[in-house]
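Examination of the molecular architecture
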Amino acid sequence: MKRMVSAQKSAVFFAVAALCLLVFAPSSGASEKPRKCYFLEDCEAAAEAALETGDDAARIEYLSQAAEFAKGERAAELRAKLAEAHLFRGLAGGADAMQSYSKAVELNPDMALAWRSRGWLLLRSGSLDAAIEDFNRAVELEPDDAEARGARGLALLKKGRLASAATDFDRAAKIDPGAAAFYNRGLARSDMADYAAAVVDFDRAVAIGGPNPHFLLERAVAQLNRGFANRAMEDLRVALAADPVNLQAGYYFVAALVYAGERAAAEDAMRRFFGKGFAIDAPEYDYFRLELSGLRIILNEVKLMGGLPEPKNLAASAAAANEKGRVDTAAAYYSAYLFISPENAAAAYNLAACLEMTGERRKAIQYYYRYLYLAPGAADRAEVLDAILKLSE
């Protein structure tokens, strides 16, 4: 078990980077029964006509027939179009699209588009290693494909390989300096506790893409981690105006008030945002579940005691849970501790150690970096960097 130390020692490319394959609802128009084609050109013309009329089912049938007629690279191209057509049907077409892209790369292993597109599907399904392999092939075929590099960066980021992700995002930004590339690089830098550089990237994302709530939220988090609570609140107010029920934005707004020493205002905002409860298992908050678990602990304390809990009590509860082998519970308490006392290096370390034990690699790396940021002269710096390296493998 990882050692623990006394805690008393002191939010593309991400969602904004739209997938190359857009998903639409099925067409509501009437569909004619597709006819049998006898020539490749006939099938392709019929597929194009079906596209014009919005008849997705007919387009899929004609492209399927065309793909059977075609050979070699042309067959691969048609399989890729067929995969796209399946995706236009909606989420139900994902499995068929995967099959079509797989057939496309089998027919033409040098078709970068098919590798990249299948990689996106794998990434969305959570198959990170397989997605990275497909993106590797796409980048090998087209080294200057910014989308493939950005997509691989996202997969690497989810794996906790932050430095490699940042390298991909950096290359993507040089090839195509769009808002998504800078936003994604900012995410990687923020995870590595390079908050000042992350803010610069988020600034560029905002300058290019406008005040997107995602950009503002992540810039606020980086500012808050630097200790600039007022700057964080400025961005969070705009983000909350755009999405008043965003739990993550509400969480950090309350955290900024706590950081600024406005405890009464923080308690009032907490009741306003979270007084009616919230569901921590919502898919959109999957990566934010730890923080919401810590917040639930704090909310219970506010309801029972009438105010924010004392950090020392949270630390004691975390230590007791860890001794009983309830590592998930201990992590939630350490998260709550950092919400109340965000500059406590020991709490950041202990949280990272808990996350390492539970296999939350990216989160563990994030909080180990946070620990080193808060304790730059830590005697165990080399040991912690070694732990980060092993978690990144």
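Here, residues in each chain are numbered from 1, in the same order as that chain's written sequence. In keeping with the predicted nature of the model, local features appear solely for residues at pLDDT of at least 70, side-chain atom pairs appear and are counted solely at 80 or more, and the whole-chain, interface and lining totals rest on all residues. With hydrogens and water stripped out, all remaining heavy atoms of the structure feed into the side-chain values.

Turning our attention to the packing of aromatic side chains. Each Phe, Tyr or Trp ring (for Trp, its six-membered ring) is paired with any other whose centre lies within 6.5 Å, and the angle between the two planes then decides the class: stacked below 30 degrees, edge-to-face above 60, tilted in between. Overall, the coordinates contain 12 aromatic pairs when judged by the stated rule. Both rings, one in Tyr183 and one in Phe215, keep their centres 5.2 Å apart while their planes meet at 40 degrees; by these two values the pair is tilted. With Tyr183 in helix H9 (residues 179-191) and Phe215 in helix H11 (residues 213-226), this pair connects stretches of sequence that are 32 residues apart. Relative accessibility under 20% of the residue-type maximum defines a buried residue, over 50% an exposed one, and the middle range a partly exposed one, all with a 1.4 Å probe and only protein chains included. Overall, the relative accessible area of 0% leaves Tyr183 in the buried class. Seen in terms of ring centroids, Tyr252 and Phe288 are 5.7 Å apart; in terms of plane orientation they differ by 45 degrees. Their pairing is tilted. Secondary structure elements are defined from DSSP: runs of H or I of at least 4 residues count as helices, runs of E of at least 2 residues count as strands, and each element is numbered from the N terminus.

Moving on, we get to the pattern of salt bridges. One side-chain nitrogen of Lys or Arg within 4 Å of one carboxyl oxygen of Asp or Glu is enough to make a salt bridge. Using the criterion set out here, one finds 19 salt bridges in the structure. Between Arg185 and Asp201 there is a salt bridge, with its nearest N and O atoms 2.8 Å apart. Separated by 16 residues along the polypeptide, Arg185 in helix H9 and Asp201 in helix H10 (residues 195-209) bring together distant segments of the chain. Per residue, the accessibility class of Arg185 equals that of Asp201, and both read buried. The network of salt bridges with common partners includes Asp170, Lys174, Arg185, Arg189 and Asp201.

Multiplying 1.5 Å by the helix residue count minus one yields the expected span of that helix. For helix H6 (residues 128-141), built from 14 residues, the straight-helix expectation of 20 Å at 1.5 Å per residue is met to within 8% by its first-to-last C-alpha distance of 20 Å. All of the buried residues along H6 are Leu128, Ala131, Ile132, Asp134, Phe135, Ala138 and Val139. Projected down its long axis, H6 shows its buried positions confined to an angular sector of 165 degrees, all on one face. Turned more than 90 degrees away from the buried face of H6 sit Glu133 and Glu140, all of them exposed. Turning to H6, the residues buried within the fold contact helix H5 (112-125) and helix H7 (146-159). Each C-beta atom gives one direction from the helix axis, and the arc is the one those directions make. Contact between two residues is taken to exist if any of their heavy atoms lie within 4.5 Å; hydrogens are not considered.

Turning our attention to the nonpolar core. Among buried residues, those of type Ala, Val, Leu, Ile, Met, Phe, Trp, Tyr and Cys that are joined through side-chain atoms within 4.5 Å constitute a nonpolar core. Within the largest apolar cluster, 106 residues are counted, with the highest numbers of intra-cluster contacts made by Met270, Phe274, Leu295, Phe339, Tyr368 and Tyr371. The biggest single contributor to this core is helix H17 (residues 327-340), with 11 residues. In contact with Tyr371, other than residues within four places in its own chain, are Ala345, Ala348, Tyr349, Ala378, Asp380 and Val384. In this structure, Ala97, Val105, Met111 and Leu121 belong to the second largest nonpolar core, which totals 11 residues.

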